[in-house]
Amino acid sequence: MTIGKLRLTNFRNYASLSVDLSPGAVVLTGDNGAGKTNLLEAISLLSPGRGLRRAAYAEIARDGAAGGFVVHAHVDGPEGEADIGTGAGGSDPDAEGAVRKVRINGAPARSADDMLEWLRVMWLTPAMDGLFTGPAADRRRFLDRLVLTIDPGHGRRALDYEKAMRGRNRLLSEGSRNSAWFDAIETQMAETGAAIAAARFEMVRLLKAMIERAPDTGPFPKADVALSGVLEAGLASGAAVDAEEDFRARLAEGRERDRAAGRTLEGPHRSDLLVRHRPKDMPAELCSTGEQKALLVGLVLSHARLTGELSGMAPILLLDEIAAHFDHRRRAALFGILDDLGCQVFMTGTERELFAAIEGRARFLTVSAGAVSTG
Ligand SMILES: Nc1ncnc2c1ncn2[C@@H]1O[C@H](COP(=O)(O)OP(=O)(O)OP(=O)(O)O)[C@@H](O)[C@H]1O
């Protein structure tokens with residue numbers, strides 16, 4: 001799948017932009033603050049969620065533009081061509097909320113998930129550099145994004161679980177002992193929670209298998225991936241447990257403990273993605289900064305291969321300031337793997353020389369103060 005044309009209106013430092021794109025590598029170069037990451041952020045909003053910065057929509061609208069922002073793309077997907085438009089912010093009452101309007105071929109989409117029929121977008125940004133050492137919530141979000149690009153129903157499950165858990169947490173913090181309410185909410189949490197754990201478990205299983213049979217990944221070390229969490233442990237044990245029923249029982253048993261804490265202490269909202277550097281047999285968080293970056297890039301590349309195989313759609317990759325992290329040898333390896341994957345990949349950097357190895361086979365765009373020119 002490919003974005004052929006991108007149009008932005010009042011998107012951060014872009015008042016109005018219309019740019020023709022091409023399959024394969026697209027390189028965006030320009031000074032600091034020119035608008036390179038903003039452009040990647042716009043593309044990231046062509047998938048469900050809040051995009052690669054997780055910004056409030058009102059913050060994205062250019063200088064607080066009253067009409068909000070619009071991102072519009074003409075895409076070429078497995079089902080043919082489509083026009084996808086999305087926007088929010090400004091004076092829109094939903095500006096601060098999670099609601100974003102999406103139109104596909106001019107018709108309002110049922111939900112942002114509908115964009116996944118056309119595009120699967122995955123990204124790596126400098127903000128993810130501390131993924132292995134930072135909070136588990138960031139790794140869960142990363143993992144859920146990996147799942148979502150392969151299993152479009154995952155976003156809905158996560159929202160339903162969050163909603164039910166907020167309800168249970170409210171009861172807990174109020175000190176409620178209304179068993180009927182707890183029973184009803186815990187049934188919903190068990191259903192959605194077990195489905196979330198199963199989807200994550202399946203993702204990790206597929207990713208492990210892909211890493212296992214991947215060709216030599218050059219300077220990007222192979223990773224061992226696993227999950228921690230009460231539900232995941234049951235799935236990993238291989239025992240024939242009914243994860244939903246097991247989780248429902250755990251929630252009911254944990255009411256006193258959770259009431260004391262004022263919140264739900266067990267469930268997929270506490271799980272973690274565990275990553276190890278396989279050649280060194282070392283937890284990722286103990287590896288050097290460069291090794292962590294190489295591991296993360298390797299994971300995303302394996303996942304891109306997996307997405308392509310399973311969905312029939314090579315995903316779109318957004319690699320923000322990745323090239324600058326690597327030496328000449330690693331950059332050449334990265335470009336080679338990206339070529340093999342056949343993804344449309346957007347890469348940013350302040351210096352064009354970083355991409356010298358792909359001069360002639362990438363589209364180069366120069367970004368300057370919210371404008372984009374070719375060459
Ligand atoms: N809502 C907004 N309205 C107008 N300008 C904005 C808005 N949000 C951000 N900006 C501007 O966008 C610019 C940042 O662009 P961006 O982060 O894309 O830069 P970049 O080219 O990736 O730079 P770097 O190389 O430093 O990462 C800043 O000048 C910032 O002031």
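Quick look at the structure, then. Please read these numbers as outputs of a predicted model, since none were measured by experiment.

**Here we look at the overall build of the chain**
Then comes step 1: When helices and strands are counted, the chain shows 10 helices and 15 strands.
Then comes step 2: Against the globule reference of 21 Å for 375 residues, the chain gives a C-alpha radius of gyration of 22 Å, in line with a compact fold.
Then comes step 3: Dimensions of the chain, computed from C-alpha atoms along their principal axes, come out at roughly 65 × 55 × 35 Å.
Then comes step 4: Expressed as a percentage of the 375 residues in the chain, the buried residues total 50%.
Then comes step 5: Put simply, 69% of the contacts in the chain that link residues at least 6 apart link residues at least 24 apart.

**Describing the layout of surface pockets**
Gaps left between atoms are located by rolling a probe of water-molecule size over the structure's atoms.
Then comes step 1: Space inside the largest pocket adds up to approximately 1,600 Å³.
Then comes step 2: In terms of lining, the largest pocket is formed by 43 residues, of which the most central are G49, R50, R54, R141 and L159.
Then comes step 3: Sorting elements by how many residues they give to the lining of the largest pocket places helix 4 (residues 154-173) first, with 9 residues.

**Regarding the pairing of strand 9 (residues 223-228)**
Then comes step 1: Residue alternation in strand 9 divides its side chains into a buried set, A223, V225 and L227, and an unburied set, D224, A226 and S228.
Then comes step 2: Judged from the 6 bridges that link them, strand 9 and strand 10 (residues 272-277) form a sheet pairing that is antiparallel. From the neighbouring strand, S228 faces strand 10, where its bridge partner is D272.

**Considerations on the pairing of strand 6 (residues 101-104)**
Then comes step 1: Of the two faces of strand 6, only one is covered, namely that formed by V102 and I104; the face formed by K101 and R103 stays uncovered.
Then comes step 2: Two strands pair when backbone bridges link them, and strand 5 (residues 80-88) and strand 6 are joined in this way by 4 bridges, in the antiparallel orientation. When the sheet's bridge partners are listed, G85 is paired in strand 6 with R103.
Then comes step 3: Where strand 6 lies against strand 7 (residues 107-108), 2 bridges are found, and the strand directions are antiparallel. Pairing of I104 across the sheet is with A107, part of strand 7.
Then comes step 4: What sits between strand 6 and strand 7 in their antiparallel hairpin is a turn of 2 residues, with N105 showing a positive phi close to 50 degrees.

**What about unusual backbone geometry?**
Then comes step 1: The phi torsion at N10 lies on the positive side, around 50 degrees, for a residue other than glycine.
Then comes step 2: Within the fold, N10 resides in strand 1 (residues 2-11).
Then comes step 3: One non-glycine residue with positive phi stands out, namely D281, at about 45 degrees.
Then comes step 4: Mapped onto the elements, D281 comes out in the loop between strand 10 and strand 11 (282-283).

**Considering the site of the ligand**
Then comes step 1: Close to the ligand lie 17 residues, the nearest being G33, T37, N38, R53 and E59.
Then comes step 2: Contacts to the ligand include G35, whose backbone N or O atom sits 2.9 Å from an oxygen atom.
Then comes step 3: In this structure, N38 approaches the ligand through a main-chain N or O atom, which is 2.7 Å from an oxygen atom.
Then comes step 4: Isolated, the ligand exposes 660 Å² of accessible area, and the fraction of that covered by the protein chains is 70%.
Then comes step 5: Sorting elements by how many residues they give to the shell around the ligand places helix 1 (residues 36-44) first, with 3 residues.
Then comes step 6: In terms of residue class, the shell around the ligand is made up of 3 nonpolar, 6 polar and 8 charged.

**Some thoughts on helix 9 (residues 289-311)**
Then comes step 1: Taking 1.5 Å as the rise per residue, helix 9 with 23 residues should run 33 Å; its terminal C-alpha atoms sit 32 Å apart, in good agreement.
Then comes step 2: Positive backbone phi, at 75 degrees, marks G312, one or two positions downstream of helix 9.

What counts as what
- Residues numbered from 1 in each chain as written.
- Predicted model: local features only at pLDDT ≥ 70, side-chain atom pairs only at ≥ 80, totals over all residues.
- Heavy atoms only, no water.
- Helix = DSSP H or I, 4+ residues; strand = E, 2+ residues; numbered from the N terminus.
- Rg over C-alpha atoms; globule rule 2.2 N^0.38 Å.
- Buried < 20%, exposed > 50% of the residue type's maximum accessible area, 1.4 Å probe, protein only.
- Contact = heavy atoms within 4.5 Å.
- 1 Å grid on protein atoms, 1.4 Å probe; cavity = no way out; pocket = protein on both sides within 12 Å on 5 of 7 lines; lining within 4 Å.
- Points joined across faces, edges and corners; volume = space filled by probe spheres on them.
- Pairing = 2+ DSSP bridges.
- Near = heavy atom within 4 Å.
- Polar contact = N/O pair within 3.5 Å; in protein donor to acceptor, adjacent residues only side chain to side chain.
- Areas by Shrake-Rupley, 256 points an atom, 1.4 Å probe, with all protein chains shown as cover.
- Nonpolar A, V, L, I, M, F, W, Y, C, P; charged D, E, K, R; others polar.
- Expected span 1.5 Å × (residues − 1).

Read these as geometric descriptors, not functional statements.
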